[in-house]
Amino acid sequence: MVPRARAARLSTVRPAPADVASADVAPGDVASRAPRSAALALVALFSAGYLPAYLLPTVVGRLVASFGLTVPQAGSVGSALLLASASAGLALAGRVRRYGPVRLARGAIGLLAVGGTLAALSTHLPQLLVGCLLTGLGAGTATAVAATGIAATADPQRGSALGLLTTSSVAGVLFLALPRLGAGHGWPFAAVAGWALLAGLTTGRLTVGPTAAAGLSAAGPAAVGTGGGGLPRKAAGCVLAGGLLLWSMGQNALWGISGQIGTARVGLDERTLGLVFAAALGGGLLGVAVASAVGPRFGRALPIGAGTAVIALCMVLAGGAGSVLPFAVGEVLWNTCYPLVLSHLIAVAAGLDPAGRWAVLAGAGSSLGVAAGPLTGAVLASAVGYPGTGLALGALLATVAVPLVLIARRRATAPTVRVFVPAQRTAAAQHRVTVPR
């Protein structure tokens, strides 16, 4: 994570990729306008890529009702969607600049729109699976472009907080609206397709003006020469990516079956359950606001460690809940802490490689964990029940927090490279925001 500049003419600058859409900076007379415009596009793209994972509880529940699937079978469909997303992220790690961010972003929007529409209209399981796979590929591509953009910003945590804020807001509104629209499985997929099309209206803003590399060349080799070559800090990056895989898997395992816990164990109807989930995502908005306001003031290790410990306790509480109060408290507090911790993890990944490769790979690792989550939660629930699932997953999160905290502490002690840049570029860098459940 790069600290903010201490003076108007002194700034910490990330090595910029050669593609302006990745760096989100344009020199000269568009310096103040272009970063904000590109930031809007990346935030929209991020939210479109992450929305399917946020809607997973209602998707799994509706697939059980619409297609007569068991909970593990419906969880497998959700896992297939998210696995396709993770595969796209892995395939595109380090290749976003080569293929072009604008081209990839538009392709991602197309896949999300087509896949979501096909899944929404499906009446047979094979058709549903094809739609889910296309949706997943689009989501992973969108996330890869957004993650590459985040790593090139002066404040990746602030950018990720804005992306999470947008996604939580959209998902919260949908959890309130979907029960009123109907009970079919098509509505969540239609919402994904519709939001992707809205996000697609901004993709043209990813590229403006001359290349960022040209604009940064005045800052010297330190600012432009370290984006290529092999991956830096491989050991730390691998531990972070692997830890994020388990961290995300544990949370999405319980998130994917939260709808079943609320209906089967707590006895809530879909509207009441939607209110709980909307309140939970409202708590997520609070967490995002806190993360954005506080930034790195308390470092990275403390928020990651303490936040993950609270999440683990909430998972035990929600998994074992037999009434609405402990279930709602667990879900709301859990989702309040989730984006706060995730924004710090994103910042650590971005700091490992300013070219964005570890940000994409860590995001892909997280997506793999998210993909494995629904099936893992369904299998555990079938084997040990909902309370046992909450205990097992809470223990997993408490364990995986240890290496994540160690990487965050190690990264916090890494030296910072400062270079002199023109005041106009510094002002633009401090205001540009990009982004990556």
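The structure presented is a predicted model; accordingly, all values stated were derived computationally and were not measured.

1. A look at the overall build of the protein
For the protein, the count of helices and strands is 18 helices and 2 strands. Residue burial in the protein is summarised as follows: out of 437 residues, 59% are buried. Split by element, the accessible area of the protein, about 15500 Å² in all, is 68% carbon and sulfur.

2. Thoughts on the environment of Gly390
Examined against the element boundaries, Gly390 turns out to sit in helix α17 (residues 357-412). Of the residues examined, Gly390 reaches a relative accessible area of 0% and is grouped as buried. Each C-alpha atom of the pair Gly390 and Ala253 lies 9.3 Å from the other, and the pair is 137 residues apart in sequence. Setting aside its immediate chain neighbours within four residues, Gly390 contacts Met315, Val316 and Gly319.

3. Things to note about the packing of helix α12 (residues 234-256) against helix α16 (residues 324-352)
At a minimum axis separation of 12 Å, α12 and α16 run at an interaxial angle of 160°. Looking at the two axes, α12 sits roughly antiparallel to α16. Where α12 crosses over α16, the handedness of that crossing is left-handed. Facing Ala236, Gly237, Leu240, Leu244, Trp247, Gln251, Leu254 and Trp255 of α12, the residues of α16 in contact are Glu331, Trp334, Asn335, Tyr338, Val341, Leu342, Leu345, Val348, Ala349 and Leu352. For the contact of α12 with α16, a count of residues per class yields 14 nonpolar, 3 polar and 1 charged.

4. Observations concerning the confidence of the model for the protein
Overall, the predicted model of the protein reaches an average pLDDT of 76, with 80% of residues at or above 70. Per-residue pLDDT stays below 50 along residues 1-34; that stretch engages in 116 contacts with residues further than four places along the chain or on separate chains. Scored below 50 in pLDDT, residues 413-437 shows 89 contacts in the model against residues more than four places distant or in partner chains.

5. Overview of a nonpolar patch on the surface
A cluster of nonpolar side chains, namely Leu317, Val324, Leu325 and Val329, defines an oily patch on the protein surface of about 330 Å² accessible area. In terms of residue count, the dominant contributor to the nonpolar patch is α16 (3 residues). Positionally, Leu325 belongs in helix α16. A relative accessible area of 61% means that Leu325 is categorised as exposed.

Rules and cut-offs
Residues numbered from 1 in each chain as written. Predicted model: local features only at pLDDT ≥ 70, side-chain atom pairs only at ≥ 80, totals over all residues. Heavy atoms only, no water. Helix = DSSP H or I, 4+ residues; strand = E, 2+ residues; numbered from the N terminus. Buried < 20%, exposed > 50% of the residue type's maximum accessible area, 1.4 Å probe, protein only. Areas by Shrake-Rupley, 256 points an atom, 1.4 Å probe, with all protein chains shown as cover. Contact = heavy atoms within 4.5 Å. Axes fitted to C-alpha atoms, helices over the stretch in contact; angles between N-to-C directions. Parallel < 35°, antiparallel > 145°, perpendicular 65-115°, else oblique. Left-handed = near helix turned anticlockwise from the far one by under 90°. Nonpolar A, V, L, I, M, F, W, Y, C, P; charged D, E, K, R; others polar. pLDDT = per-residue confidence, 0-100. Patch = residues over 30% accessible without salt bridge, like charges linked within 9 Å, V, L, I, M, F, W, Y side chains within 5 Å. Salt bridge = Lys/Arg side-chain N within 4 Å of Asp/Glu carboxyl O.

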